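Understanding the architecture of this molecule
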Amino acid sequence: MISLLLACSARIALVDPPDSRSSRLPAPDGDLAVRPARRLTLLRGGGADGWEQIGARPVSIDEERVFAGRAFPMTLSPLLSGRTTLTEWAAEHRETLLQLVRENGAVLLRGFGGMETPQGFSDFVMGLRLEEFGMGCSAAPRTEVAPGVFTANEAPPQEKIPFHHEMAQCEDKPAFLFFYCEFPAQTGGATPIIPSNAVATHLREAHPAVAQRLAARGIRYARTLPAQDDPLSPIGKSWRTSFNTDTRQGAEAAMAAAGTTWRWHGNGDLYTETKQMPALVVDGRSGKEMFYNAVIAAITGWEDGRNDPLKAIRYGDGEELDGEAVAALLETGEWMAAHRVAFAWQSGDVLIIDNQAAMHSRETFTPPRRILASLWGEALRRPEGRAEPARQSSR
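Residues numbered from 1 in each chain as written. Predicted model: local features only at pLDDT ≥ 70, side-chain atom pairs only at ≥ 80, totals over all residues. Heavy atoms only, no water.

Another aspect to go through is the environment of valine 282. Relative to the helices and strands, valine 282 is located in strand E17 (residues 281-283). Owing to a relative accessible area of 4%, valine 282 belongs among the buried residues under this scheme. Taking the C-alpha atoms as reference points, valine 282 and serine 22, 260 residues apart in sequence, are found 6.3 Å from one another. (Helix = DSSP H or I, 4+ residues; strand = E, 2+ residues; numbered from the N terminus. Buried < 20%, exposed > 50% of the residue type's maximum accessible area, 1.4 Å probe, protein only.)

Further remarks concern the packing of aromatic side chains. One pass over the structure, following the stated rule, counts nine aromatic pairs. Relative to tryptophan 264, the ring of tryptophan 239 lies with its centre 5.0 Å away and its plane at 80 degrees, an arrangement referred to as edge-to-face. Of this pair, tryptophan 239 sits in helix H10 (residues 239-243) while tryptophan 264 sits in strand E15 (residues 261-264), and the two are 25 residues apart along the sequence. For tryptophan 264, a relative accessible area of 18% translates into the label buried. Clustering of aromatic rings is evident, with ring pairs tying together Phe121, Phe124, Phe176, Phe178 and Tyr180. For the cation-ring pair, arginine 217 lies above tyrosine 315, with the distance from its terminal atom to the ring centre recorded as 3.9 Å. Sitting over the ring of tryptophan 264, arginine 248 keeps its end group 4.4 Å from the ring centre. (Phe/Tyr/Trp six-rings, centres within 6.5 Å; stacked < 30°, edge-to-face > 60°. Lys NZ or Arg CZ within 6 Å of the ring centre and 35° of its normal.)

This part is about the confidence of the model for the protein chain. In this model, the protein chain carries a mean pLDDT of 87, and residues with pLDDT of at least 70 account for 84%. Residue range residues 32-42 is modelled with pLDDT below 50. Its contacts to residues more than four positions away, or to other chains, number 35 contacts. Across residues 383-395, where pLDDT falls below 50, the model places 31 contacts with residues more than four positions away in sequence or in other chains. (pLDDT = per-residue confidence, 0-100. Contact = heavy atoms within 4.5 Å.)

In this model, phenylalanine 72 is joined to proline 73 through a cis peptide bond whose omega is 0 degrees. At the junction of proline 367 and proline 368, the peptide bond is cis and its omega measures out at 5 degrees in the coordinates. Mapping proline 368 onto the fold places it in the loop between strand E22 (365-366) and strand E23 (370-379). We note that arginine 129 has phi near 55 degrees; this positive angle belongs to a residue other than glycine. Relative to the assigned elements, arginine 129 resides in the loop between helix H7 (118-126) and strand E7 (130-132). Positioned with a positive phi, methionine 167 is a non-glycine residue whose angle comes to about 60 degrees. Along the polypeptide, methionine 167 turns up in the loop between strand E10 (161-164) and strand E11 (176-183).

The subject of this paragraph is the pattern of salt bridges. Across all of its chains, the model carries 15 salt bridges by this definition. Between arginine 204 and glutamate 289 there is a salt bridge, and its shortest N-O distance comes to 2.7 Å. In this pair, arginine 204 sits in helix H8 (residues 196-206) while glutamate 289 sits in strand E18 (residues 289-290), placing the two residues 85 residues apart along the sequence. Assigned by exposure class, arginine 204 and glutamate 289 land together as buried. Measuring nitrogen to oxygen at the nearest pair gives 3.0 Å for the salt bridge that ties aspartate 230 to arginine 306. Linking aspartate 230 in the loop between strand E14 (219-225) and H10 with arginine 306 in the loop between helix H12 (295-301) and strand E19 (313-315), this pair joins segments that are 76 residues apart in sequence. Judged by its relative accessible area of 24%, arginine 306 is partly exposed. Here the salt bridges share partners, and the residues they tie into one network are Arg102, Asp283, Arg285, Asp354 and Glu378. (Salt bridge = Lys/Arg side-chain N within 4 Å of Asp/Glu carboxyl O.)

A few words on helix H13 (residues 323-339). Between its first and last C-alpha, H13 extends 24 Å over 17 residues, near the 24 Å set by a 1.5 Å rise per residue. Regarding H13, the residues found buried are Ala325, Ala328, Leu329, Thr332, Gly333, Trp335 and Met336. The buried residues of H13 occupy one face: seen down the axis, they fall within an arc of 160 degrees. In H13, the exposed positions angled more than 90 degrees off the buried face are occupied by Gly323 and Glu334. A side-chain oxygen of the first residue of H13 lies 3.2 Å from the backbone nitrogen of glutamate 324; this N-cap is aspartate 322. (Expected span 1.5 Å × (residues − 1). Arc of directions from axis to C-beta. Polar contact = N/O pair within 3.5 Å; in protein donor to acceptor, adjacent residues only side chain to side chain.)

Below, the discussion takes up the sheet that holds E18. The mixed open sheet is built from three strands, whose spatial order is E1-E17-E18. Strands with a single pairing partner mark the edges of an open sheet, and in this sheet they are strand E1 (23-25) and E18. When E17 meets E18, the two strands line up antiparallel, connected through two bridges. The partner of valine 282 across the bridge, within E18, is glutamate 289. (Pairing = 2+ DSSP bridges.)

Here it is as structure tokens:
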């Protein structure tokens, strides 16, 4: 069913990764890995029939950009408003929707009903039958407001959150990100996005020597976690909340298991340094290289009374970043800001991001603004011919 849709959207494809030492991201191991071809056949045929059969169509938004001949993000709206809720529509066309996210990197759902409350958003994400994903490693303070639904980063509105792949600094990373707009800001407050492959290509072309070093040596993330949650910092989640423990022994056990080194401060704060992690990776599904990290966020945004952003990233072998690398990364951040897609939120909007393929950020804003988030793993498998009920989140 998805093939006809994909005629209207071509996947980001800029260059093949020139460095074979880039790490690799595995292909998904769920429903979408088992039967994508069968579900995509109709929509690849072109024309309107396929869209009519799923009751939705692609529309253009003013802020979209074109990457490699494809509008980004893909925006879907119902053919007939008021006929069904987004939860009902998505449950019926689950595989089609998730594969469109995989094919496009990001899909904006606009104009569907049933998205008036956080509970409606929860019903929608829970009905997609995705692998549960915990929030512990996220650096941002968050509050759960409905099953599987949390506030987005609660940093003050004057704090800009730079581009990153969600939890790229963590051992485990979510496959899908969902953002829901309960109500937009008076001004600002967009959630800018950009294809990660486009960023990797820019780095390779503009700063080949730095890209080579990052691909070959990897990176480490350094951050000091407070003893208690700090709601005034975009990276203010405490070590107690991060590791779900009240004891130093519990935190140390979790860090040891993840290969993280640490040092305790006299005031109870905790300095951490991750093991070697990739900076550039090859997506195992598309063969494209991705700038799969949180480097730009770290060196431009991991700043508070405990952290210096210019000390947040080291090479994977432990050496400090050289001046050429820092300058190249800062320039890449400027390039991303110039090429980002920053659409104005509308109440009821839902944005779905493939966390392997697209990066996101947050602009400053004038309150009030309420954007909620939900993070999930891959699509769950199910026996042929049997529907698997949605699982209740334990997060």
